[in-house]
Amino acid sequence: MSTADAVIEVQGLTKSYGRFQALKSLDLRVDRGQVHGFLGPNGAGKSTTIRVLLGLLRADGGIARVLDGDPWKDVVSLHRRLAYVPGDVSLWPGMTGGEAIDLLGALRGGLDPARRIELLERFELDPTKRGRQYSKGNKQKVAIVAALASNVELLILDEPTSGLDPLMENVFQEVIGEAKARGASVLLSSHILAEVESLADRLSIIRDGRIVQTGTLSQLRGQTRTTIHAEFAHPPETAALAAFGDVRLDGTRLSATVESARIGEAMAILTRYRITSLTVEPPSLESLFLRLYEPATAQATR
Ligand SMILES: Nc1ncnc2c1ncn2[C@@H]1O[C@H](COP(=O)(O)OP(=O)(O)O)[C@@H](O)[C@H]1O
Ligand SMILES: [Mg+2]
């Protein structure tokens, strides 16, 4: 794929705070029209990366391109084409939510008035309250409505739903799906897999200032294991099960795991013993994710 298809392209990005290196040669690419999940534990470097992409922080080294521009030099023109929602929205205390939405929208070349009304309803947000009266979750909603009511090409969302209740989390998921359907590209950071799993076309997992894994959900799932529970008419021989892991065989009952990419081979072996019942648990990204989250020392000692 050519560079023209990328809305965000980061190569070898480094950033230190004093002597602490927060980004250690980070690479990230977000393709146009996609929702890209940016996942990693707290402190991994998600917000630092995003602040560089927004021109709020200057990187020490490496390349960062946003919408074919330089996030530091082209900050004015880029911010008309993108919208940002931070994880900890602060609002003007004396301004109403509606006024804040309009002000933020004006920075981005205006809002779609019909969508503004619709989003206020769907997020059940009262726009007449003042900034100081809103709860944390309602402040997030103000920023989310402002971002999603503008027709920007790129949404950069840094843990945007922190403080939202689960119902509103669902609304958020729908609304992001709609933004994608309109052609918007989205970088969505989170430390919780479930928040991005259903939305993201691709995921990049960051740990300690580096991307440790990137790919489509199915590519990442291909690296996980599928669990099989089966019962047979004829008991299988242990030797036939060499390709399986975590084998527990009790006469005609089997539970085992198999690399997700090799599920076809596994089934071919099992059908020899006439399957009478079968359940297959889809591979859990959660397990892959947790493994990647473990501290480096735990991985090194394996
Ligand atoms: N302004 C700062 N000064 C010093 N250290 C910082 C600053 N901002 C972030 N850090 C540190 O950099 C690391 C990455 O932080 P951050 O990018 O906020 O991670 P994330 O958003 O993934 O939680 C953390 O260890 C954090 O403590
Ligand atoms: Mg953060």
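Numbering of residues starts from 1 in every chain and runs along the sequence as written. As a convention, the first chain written is A and the first ligand written is 1, with the rest following in written order. In keeping with the model being predicted, local features are shown solely for residues with a pLDDT of at least 70 and side-chain atom pairs are shown and tallied solely at 80 or more, while totals for entire chains, interfaces and linings include all residues.

As annotated in an unreviewed UniProt entry, the protein chain carries the name ABC transporter ATP-binding protein and is attributed to Microbacterium kribbense. In the Sequence similarities (unreviewed entry) part of its UniProt record, the protein chain is described as follows: "Belongs to the ABC transporter superfamily." Taken verbatim from the UniProt record of the protein chain, the Subcellular location (unreviewed entry) comment is "Cell membrane". UniProt positions are given in the numbering used here, feature names are shortened, and annotations may be inferred rather than shown by experiment.

Undergrad: What is the right way to read the site of ligand 1 from this model?
TA: Around ligand 1 sit Y17, F20, A22, G40, N42, G43, A44, G45, K46, S47 and T48, and those are all the residues in its vicinity. Secondary structure counts use DSSP, requiring at least four H or I residues in a row for a helix and at least two E residues in a row for a strand, with both numbered from the N terminus. Elements represented by at least two residues in the shell around ligand 1 include exactly β2 (20-31) and α1 (46-53). Residue polarity follows a fixed list, in which Ala, Val, Leu, Ile, Met, Phe, Trp, Tyr, Cys and Pro are nonpolar, Asp, Glu, Lys and Arg are charged, and the others, Gly among them, are polar. In terms of residue class, the shell around ligand 1 is made up of four nonpolar, six polar and one charged. Placing the C-beta atom from the backbone, one calls a residue near a molecule or strand if that atom lies within 6 Å of it.

Undergrad: Would you explain the sheet that holds β2 in this entry?
TA: For sheets, the rule is that strands pair by backbone hydrogen bonds, running either parallel or antiparallel. Here, strands pair whenever DSSP counts at least two bridges between them. Taken in spatial order, the three strands of this open sheet run β2-β1-β4, and their pairing is antiparallel. At either end of the open sheet lies a strand with only one pairing partner, and these are β2 and β4 (61-66). Here the average twist between neighbouring strands, direction ignored, is 15°. Examined bridge by bridge, strand β1 (residues 6-17) and β2 share nine bridges and lie antiparallel to one another. Across the sheet, residue S16 finds its bridge partner in β2, namely Q21. Axis geometry follows a simple rule: fit a line to the C-alpha atoms, using only the stretch in contact for helices, then measure angles between N-to-C directions, giving values from 0 to 180 degrees.

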